[in-house]
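As a plain string of letters, each chain reads:
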Amino acid sequence: MIDLHYWPTPNGWKVTIMLEECGLPYNVIPVDIGGGDQFKPEFLRISPNNRMPALVDHTPPGGGEPLALFESGAILEYLAEKTGQFLPADVSQKYRVLQWLHWQMANLGPMMGNANHFKNYAANITDDPKQLAYGTKRFVGEVDRLSGVMDAQLSANPYLAGEQYSIADIITWPWAFLIGRLIDESMWEKFPHLKRWVDDVAARPAVQAGRKVGAELGKRELSEEEERARRELLFNQTNDKVRAAREKAAGST
Ligand SMILES: N[C@@H](CCC(=O)N[C@@H](CS)C(=O)NCC(=O)O)C(=O)O
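Reading guide: rules and limits
Position numbers for residues count from 1 along each chain, tracking the sequence in the order it is written. Restriction of local features to residues with pLDDT of at least 70 applies here, the model being predicted, together with a cutoff of 80 or more for giving and counting side-chain atom pairs; totals for whole chains, interfaces and linings are based on all residues. Hydrogens and waters are ignored; side-chain quantities use all the structure's heavy atoms. Axis definition: a line fitted to C-alpha atoms, limited for helices to the stretch in contact. Angles are taken between N-to-C directions and run from 0 to 180 degrees. In DSSP terms, a helix is any run of H or I states spanning at least four residues, a strand is any run of E spanning at least two, and both are numbered starting from the N terminus. An angle below 35 degrees is read as roughly parallel, one above 145 as roughly antiparallel, one from 65 to 115 as roughly perpendicular, and any other as oblique. Take the far helix as the reference: if the near one is turned anticlockwise from it by less than a right angle, the crossing is left-handed, and if turned clockwise, right-handed. Only heavy atoms enter the contact rule, under which two residues are in contact if any of them lie within 4.5 Å. The rule for a residue being near a molecule or strand is that one of its heavy atoms must lie within 4 Å of it. For the purposes of these results, a polar contact is taken to be a pair of N or O atoms within 3.5 Å, where, inside protein, one atom must be able to donate a hydrogen and its partner to accept one; residues adjacent in sequence count only when each atom of the pair is a side-chain atom. The Shrake-Rupley method, run with a 1.4 Å probe, gives the accessible areas here. Residue values count only the displayed protein chains as cover. Residues were grouped as follows: Ala, Val, Leu, Ile, Met, Phe, Trp, Tyr, Cys and Pro as nonpolar; Asp, Glu, Lys and Arg as charged; and all remaining residues, including Gly, as polar. Bear in mind that the domain bounds are from an automatic or database domain assignment. As used here, buried area is the combined drop in accessible area, with a 1.4 Å probe, of two parts when they are placed together. Whenever a carboxyl oxygen of Asp or Glu lies within 4 Å of a side-chain nitrogen of Lys or Arg, that contact is scored as a salt bridge. We call Phe, Tyr and Trp rings a pair once their centres come within 6.5 Å, taking the six-membered ring for Trp, and we label the pair stacked below 30 degrees between planes, edge-to-face above 60, and tilted otherwise. Exposed residues in this analysis have more than 50% of their type's maximum accessible area, buried residues have under 20%, and partly exposed residues fall in between, with area computed by a 1.4 Å probe over protein chains only. Here, a charge over a ring is recorded when the distance from Lys NZ or Arg CZ to the ring centre is within 6 Å and its angle to the ring normal is within 35 degrees.

### Let's talk about the packing of helix H3 (residues 72-83) against helix H4 (residues 91-121)
- Running from amino to carboxyl end, H3 crosses H4 at an angle of 155°, the nearest separation of the two axes being 10 Å. Considering their axes alone, H3 and H4 lie roughly antiparallel with respect to each other. The element H3 and its partner H4 pack so that their crossing is right-handed. Counting all contacts with H3, which are made through Ser72, Gly73, Leu76 and Glu77, the residues of H4 involved are Leu98, Leu101, His102 and Met105.

Laid out in structure tokens, this is it:
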């Protein structure tokens, strides 16, 4: 059995979608990242970077000790190798897929995360208009550029890595379908091939099922004070602050 340490965010959906696509059974263990669960000692033993998703496979291929993994890219590669699905065996084809998987991890995910931060959260943290304007321009500009990179690739290919649906699509879709909501819905007009692919992937039953996992988890109404504390925990992480959060979480378990 697989334990998935998870909260319903784009990085979490990558793994629920992959597990649904592969038809693998799994237990969801919620990691409330606004409430500090990512600093609990038992979670940090699996994911030392205090980020979800993370996964423990109690029956890894070949037997032996349970395998604990963090970083969604590594998790998708592992599940593809374990099941023999969504990653071709042919070496050239395999690396065509992996280059896009790494592209998502290093580009689209971080740039969208930062664009979201500057557009939707930073105003609660700094009131310096220059800082806000620069951060927003830089990261929204990058998301625009990266959308063009995907659009060009998808103008010549049905899927990101070519003819076949793969872990490159599974890892990219949970961020890509949110681009219009993050930037502006009218921007899809500039990127019709990207929009066609977003809609094609969205129609897959496993994608719909993966997106719904834990949808109820983040829905509790929060007081203003709770919102402030969650923002402080998520967006102001230094080594000292993370150490204090770790000590607090260790004391409460
Ligand atoms: N590169 C990582 C990113 C994971 C990540 O940023 N997770 C966020 C939620 S989407 C998180 O756990 N945040 C907790 C924190 O900031 O302490 C991956 O793809 O797995």
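Read on for the rest.
### Side note on the site of the ligand
- Taken together, 14 residues lie around the ligand, and Gln38, Met52, Glu71, Ser72 and Gln237 are the ones closest in.
- Within the side chain of Asn50, a nitrogen or oxygen atom sits 3.3 Å from an oxygen atom of the ligand.
- A distance of 2.8 Å separates an oxygen atom of the ligand from a polar atom in the side chain of Gln237.
- Protein chains shield 82% of the accessible area of the ligand, which is 520 Å² for the free molecule.
- Class assignment for the residues of the shell around the ligand results in five nonpolar, six polar and three charged.

### Examining the domain arrangement of the protein chain
- For the protein chain, the assigned domains are domain 1 (2-85 + 219-251) and domain 2 (91-210).
- Distance from the C-alpha centre of domain 1 to the C-alpha centre of domain 2: 21 Å.
- Taken together, the contact between domain 1 and domain 2 spans 18 residues of the former and 23 residues of the latter.
- For the pair domain 1 and domain 2, the two sides together bury roughly 1,800 Å², of which 74% comes from carbon and sulfur.
- Between the two partners, domain 1 and domain 2, sit one salt bridge.

### Section: the packing of aromatic side chains
- Enumeration over the complete set of coordinates arrives at seven aromatic pairs.
- Summarising the aromatic geometry, the rings of Trp13 and Phe177 are spaced 6.1 Å apart at their centres and angled 45° between planes, so their arrangement reads as tilted. Separated by 164 residues along the polypeptide, Trp13 in helix H1 (residues 10-22) and Phe177 in the loop between helix H6 (167-176) and helix H7 (179-182) bring together distant segments of the chain. Phe177 matches Trp13 in its accessibility class, with the two residues each being buried.
- Each residue in the set Trp13, Trp173 and Phe177 is aromatic and connected to the rest through ring pairs, giving one cluster.
- A cation over an aromatic ring shows up here: Arg204 above the ring of Tyr165, its NZ or CZ 3.5 Å from the ring centre.
- The ring of Trp13 carries the charged tip of Arg211 above its face, separated from the ring centre by 4.5 Å.

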